[in-house]
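Here's the letter readout for the chains.
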Amino acid sequence: KHILVLHGPNLNMLGVREPKHYGSDTLADINAQLYQRAKSAYISLSDFQTNSEAALIDRIHEAHGNIDFIIINPAAFTHTSVALRDALSAVAIPYIEIHLSNVFAREPFRHHSYLSDLAVGVISGLGSQGYLLALEYAINQLTIKA
Ligand code: DQA
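Sequence order as written defines the numbering, with residues in each chain counted from 1. Whole-chain, interface and lining totals are the exception, using all residues; otherwise, since this is a predicted model, local features are given only for residues with pLDDT of at least 70 and side-chain atom pairs are given and counted only at 80 or more.

Thoughts on the sheet that holds strand β2 (residues 44-49)
Point 1. DSSP-based pairing: two strands are paired if at least 2 bridges between them are found. The secondary structure listing takes helices from DSSP runs of H or I that are at least 4 residues long and strands from runs of E that are at least 2 residues long, numbered from the N terminus. Ordered in space as β2-β1-β3-β4-β5, the five strands form an open sheet in which the pairing is parallel. Edge strands, defined here as strands with exactly one partner in the open sheet, are β2 and β5 (121-124). Taking each pair of neighbouring strands and ignoring which way they run, the sheet shows an average axis angle of 15°.
Point 2. Both strand β4 (residues 95-99) and β5 contribute to a ladder of four bridges, which runs parallel. Each bridged residue has a counterpart across the sheet, and for histidine 99 the counterpart in β5 is serine 124.
Point 3. In this description, any two residues whose backbone-derived C-beta atoms lie within 7 Å of each other are considered to be in contact. All axes are obtained by fitting lines to C-alpha atoms, using only the stretch in contact for helices, and the reported angles, taken between N-to-C directions, cover 0 to 180 degrees. On the sheet, helix α2 (residues 27-40) packs against β1 (2-7) and β2 and is oriented at approximately 165° with respect to β2.

Set out below in structure tokens:
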């Protein structure tokens, strides 16, 4: 069983970037916590961060047939990308959409997501803990189905 964690544009700047919205954890901090938890559950995990919409879509295509669950923070592509939606739909891998900030408490353009209706679920506003909670769910699902 293999889980893929995808981080979209500007998330490489976590820790520096608008801590009021995104907290002080770096992407490396978040990934380290995820790897530690996955390891303790004997689940393999991979992560990928990119600022490129094309690279993100290519990575999703590559996941077809070898990834069982995706945890994705699509960042700004959430609100803009039909292509990202189509990629996730094409591979048909269950996914949870994560946002560090509560997008519904922010600008109206962040209230719409092209991905949410196809997601297993959405976590928004719980900071870096959101990723760990999503991972917990994915582990449960994959362990039950094992
Ligand atoms: C975000 C929310 C998005 O609106 C924003 O563009 C991001 C990060 C979040 O994690 O809260 O880059 O996905």
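With respect to the UniProt feature "site: Transition state stabilizer" (unreviewed entry) in the chain
Point 1. UniProt positions are given in the numbering used here, feature names are shortened, and annotations may be inferred rather than shown by experiment. As recorded in UniProt, the feature "site: Transition state stabilizer" (unreviewed entry) lies at Arg17.
Point 2. Those residues in contact with arginine 17 that sit more than four places away from it in its chain are Asn10 and Tyr22.

Observations regarding the UniProt feature "active site" (unreviewed entry) in the chain
Point 1. Within the UniProt annotation, "active site" (unreviewed entry) is assigned to Tyr22 and His99. In summary, the annotated positions, though distributed over 78 residues, converge in three dimensions, the widest C-alpha pair being only 8.9 Å.
Point 2. As for its placement among the helices and strands, tyrosine 22 is situated in helix α1 (residues 19-22).
Point 3. Buried means a residue has 20 or more other C-beta atoms within 10 Å of its own C-beta, exposed means 12 or fewer, and partly exposed covers the counts in between; C-beta atoms are placed from the backbone. The exposure class of tyrosine 22 is buried, given the 20 C-beta atoms found within 10 Å.
Point 4. Tyrosine 22 has contacts with Leu14, Arg17, Leu100 and Ser101, leaving out every residue within four places of it along the chain.
Point 5. Tracing the backbone shows histidine 99 in strand β4.
Point 6. Since 23 C-beta atoms lie within 10 Å of it, histidine 99 is described here as buried.

Considerations on the site of the ligand
Point 1. All residues are tested the same way: a C-beta atom is placed from the backbone, and lying within 6 Å of a molecule or strand makes the residue near it. The environment of the ligand is made up of Asn10, Asn73, Ala75, Ala76, Thr78, His99, Leu100, Ser101, Val103 and Arg110.
Point 2. Under the scheme applied, nonpolar residues are Ala, Val, Leu, Ile, Met, Phe, Trp, Tyr, Cys and Pro; charged residues are Asp, Glu, Lys and Arg; polar residues are all the others, including Gly. A class-by-class count of the residues in the shell around the ligand yields four nonpolar, five polar and one charged.

Thoughts on the packing of helix α3 (residues 53-63) against helix α4 (residues 82-91)
Point 1. Packing of α3 against α4 brings their axes to within 9 Å, and their N-to-C directions diverge by 5°. Accordingly, the angle class assigned to the pair α3 and α4 is roughly parallel. Residues Glu53, Leu56, Ile57, Ile60, His61 and Ala63 of α3 form the contact with α4, whose own contacting residues are Ala83, Leu84, Ala87, Leu88 and Val91.
Point 2. Of the residues that constitute the contact of α3 with α4, the class distribution is nine nonpolar, one polar and one charged. Angles are sorted into four bins: roughly parallel if under 35 degrees, roughly antiparallel if over 145, roughly perpendicular if 65 to 115, and oblique for all others.

Examining the nonpolar core
Point 1. In terms of nonpolar packing, the biggest core is built from 33 residues, with Ile3, Ile70, Ile71, Ala134 and Leu135 touching the most fellow members.
Point 2. When contributions to this core are tallied by element, the ones reaching two or more residues are β1, α2, α3, β3 (69-73), α4, β4 and α5 (129-145).
Point 3. Non-local contacts of isoleucine 71, meaning those with residues more than four positions away in its chain, are made with Ile3, Val5, Tyr95, Ile96, Ile98, Tyr131, Ala134, Leu135 and Ala138. For our purposes the nonpolar core covers buried Ala, Val, Leu, Ile, Met, Phe, Trp, Tyr and Cys residues that link as a set through C-beta atoms within 7 Å.

So, α3
Since the α-helix turns once every 3.6 residues, residues separated by three or four places project in the same direction.
Point 1. Those residues of α3 lying buried are Leu56, Ile60 and Ala63. Projected down its long axis, α3 shows its buried positions confined to an angular sector of 55°, all on one face. Opposite the buried face of α3, at more than 90 degrees from it, the exposed residues are Ala54, Ala55 and His61.
Point 2. Along its buried surface, α3 packs onto β1, β3 and α4.
Point 3. Immediately beyond the C-terminal end of α3, within one or two residues, lies glycine 65, with a positive phi of roughly 85°. Read the arc as the range of directions from the helix axis to the C-beta atoms.

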